[in-house]
Amino acid sequence: MIQGGSMTIRDRIIAYWKGRSAEFGALRKKELTSDLAPRWLREITPHIKDHHQRILDLGTGTGFFAFLLAQQGYSVTGVDLTEEMIAVAKEQALELQDSLAGTVDFHCMDAMQLEFPHDSFDVIVARNVTWTLPDVESAYKEWYRVLAPKGVLINIDGDYGVELKVPVVANHHIHEGVSNTTMQECIAITEELAISRMDRPHWDVHMMRKAGFSRVYLDMAVSSRIYDEENELYNPVPLFSIVARK
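Residues numbered from 1 in each chain as written. Predicted model: local features only at pLDDT ≥ 70, side-chain atom pairs only at ≥ 80, totals over all residues. Heavy atoms only, no water.

Undergrad: I tried to follow the pairing of strand β7 (residues 147-158) on my own but got confused; where do I start?
TA: The side chains of a regular strand alternate, residue by residue, between the two faces of the sheet. Among the twelve residues of β7, ten are classified as buried, and the element is accordingly described as predominantly covered. As paired elements, strand β6 (residues 121-127) and β7 share six bridges and run parallel to each other. Within β7, the position partnered with A126 by the bridge is N155. In the classification by handedness, the crossover that spans β6, the intervening helix α5 (residues 136-146) and the parallel β7 is right-handed. (Buried < 20%, exposed > 50% of the residue type's maximum accessible area, 1.4 Å probe, protein only. Helix = DSSP H or I, 4+ residues; strand = E, 2+ residues; numbered from the N terminus. Pairing = 2+ DSSP bridges. Right-handed = clockwise from strand over helix to strand, strands pointing away.)

Undergrad: What is the right way to look at the nonpolar core in this model?
TA: Considering soluble globular proteins, one finds that nonpolar side chains tend to be buried as a cluster. Membership of the largest hydrophobic core comes to 85 residues, with the highest contact counts inside it found for W40, L56, L58, L69, L114 and W143. Residue contacts for L69: discarding those within four places in its chain leaves L41, I44, T45, I48, I55, Y74, V76 and V125. (Core = buried A, V, L, I, M, F, W, Y, C linked by side-chain atoms within 4.5 Å. Contact = heavy atoms within 4.5 Å.)

Undergrad: What exactly am I supposed to notice about the pairing of strand β4 (residues 75-80) here?
TA: Burial within β4 is extensive, with five of its six residues counted as buried. Alignment of strand β3 (residues 54-58) against β4, held across five bridges, turns out to be parallel. Looking at the pairing, R54 lines up with S75 of β4. Handedness of the crossover joining β3 and β4 through helix α3 (residues 64-70) is recorded here as right-handed. As paired elements, β4 and strand β5 (residues 104-108) share five bridges and run parallel to each other. Residue pairing for β5: V79 is matched across the bridge by H107. Since β4 and β5 lie parallel, the crossover through helix α4 (residues 83-96) that links them has a hand, and here it is right-handed.

Undergrad: What is the right way to read empty space enclosed by the protein from this model?
TA: Gaps between atoms show up when a probe of the same size as a water molecule is rolled over them. The tally for this structure, following the rule as stated, stands at two cavities of 30 Å³ or more. Of the pockets and cavities examined, the largest cavity occupies roughly 600 Å³. Contributions of two or more residues to the lining of the largest cavity are made by α1 (9-32), β3, α3, β4 and α7 (180-192). With nine residues, the single largest contributor to the lining of the largest cavity is α1. Looking at the lining of the largest cavity residue by residue, the class counts come to 23 nonpolar, ten polar and eight charged. Here the second largest cavity defines a volume of roughly 60 Å³. The wall of the second largest cavity is formed by I13, Y16, W17, W131, T132, C186, I189, T190 and L193. For the lining of the second largest cavity, the elements supplying multiple residues, two or more each, are α1 and α7. A per-class count over the lining of the second largest cavity returns seven nonpolar, two polar and no charged. (1 Å grid on protein atoms, 1.4 Å probe; cavity = no way out; pocket = protein on both sides within 12 Å on 5 of 7 lines; lining within 4 Å. Points joined across faces, edges and corners; volume = space filled by probe spheres on them. Nonpolar A, V, L, I, M, F, W, Y, C, P; charged D, E, K, R; others polar.)

Undergrad: Would you take a moment to explain the pattern of salt bridges for this structure?
TA: Oppositely charged side chains may form a pair once their charged atoms are brought near each other. Under the defined criterion, the tally for this structure stands at 19 salt bridges. The salt bridge partner of R10 is D110, with a shortest N-O separation of 3.4 Å. Of the two residues, R10 sits in helix α1 while D110 sits in the loop between β5 and β6, which places them 100 residues apart along the sequence. With a closest N to O distance of 2.9 Å, R200 and D204 form a salt bridge. The exposure class of R200 is buried, given its relative accessible area of 8%. Linked by salt bridges that have partners in common, R28, E31 and R127 make up one network. (Salt bridge = Lys/Arg side-chain N within 4 Å of Asp/Glu carboxyl O.)

Undergrad: I would appreciate a short explanation of the environment of E91 in the present structure.
TA: With respect to the secondary-structure elements, E91 resides in helix α4. Given the relative accessible area of 48%, E91 is considered partly exposed. Between the C-alpha atoms of E91 and K246, which are 155 residues apart in sequence, the distance is 34 Å.

Undergrad: Which parts of the structure should I look at to understand the packing of aromatic side chains?
TA: Given two aromatic rings, one states the distance between the centres and the angle between the planes to describe the pair. Evaluation of the coordinates by the stated rule reveals eleven aromatic pairs. Their ring planes at 85° and their centres at 5.6 Å tell us that Y227 and Y234 sit as a pair that is edge-to-face. The rings of Y16, W17, F24, W131 and Y160 are connected pair by pair, giving a single aromatic cluster. K246 extends its terminal NZ or CZ atom over the ring of Y144, reaching a point 4.7 Å from the ring centre. (Phe/Tyr/Trp six-rings, centres within 6.5 Å; stacked < 30°, edge-to-face > 60°. Lys NZ or Arg CZ within 6 Å of the ring centre and 35° of its normal.)

This is the structure in C-alpha cells:
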C-alpha cells in the first residue's frame, strides 16, 4: 500500500478533505445561488431521461450536485469518503429543505467500494472525484456494477495531477483562499496517485470502455460553458466530461 509517512494515502486524502470541509461547504453553498448553478444543470440534465431516475452523486462533498438536482425534483443519493463533508451536507440539507422538490440521502462511503447492490442506479454523476482516487480502474468497474442496464455515467473531472503544479494566472479563483501548506499537501497527494501519471482524459475513456461502458463520449469544453469570469468560484483547472452508457 502507498504510504505517506505513517499514514496511508487513503488516510491522507481523508485528512485533507476533513480540513477543507467547512470552507468547501461555504463555497459550494454560494455556488447553488450563483449563475453557475443553471449552467451545471444544462450540463447534466440532458442526460437524465425523467424524474423517476435513481441518481447517485459520487464524491458528493457537501452536496452541491445532490442539492442542485433535488431542487429540480430528482431523488438523489450522495456519498463521500469524508465524514466531515457528509456532516456539512446534512446540515445544509436541513437549511435547504424548503427548496428541495426531490429527496436527498447522504452516506459516508468509499466510491471504490460502494455498499449498494448491482444495478441500483439509473444515473451516476461525479464531479472532481476521479483525480482523488487511489485506484480509478477499480472505481470504474464498481460504478459499472451499481449502474442499471442502459444507465448513464456523467463523469466531470480535470487533470489535477498536472494542472495543480502549473502557476495560476487568474486574478481570483476557488483555490486562492486555501493556505499554501494545504495546497502543497494536495499536490503531494496527487504525486502519490497513479491517476496523475496517466494520459488524461484519454486513459479514462479507455478504462471506462474496458470496464464495460459503451457509447463513451468525451467533451473537453466544459469549463468554457461554466465559467465566464474569474471570481471565488472560478476553477482554474480545465474540466472535461465523459458521458458513458451501460
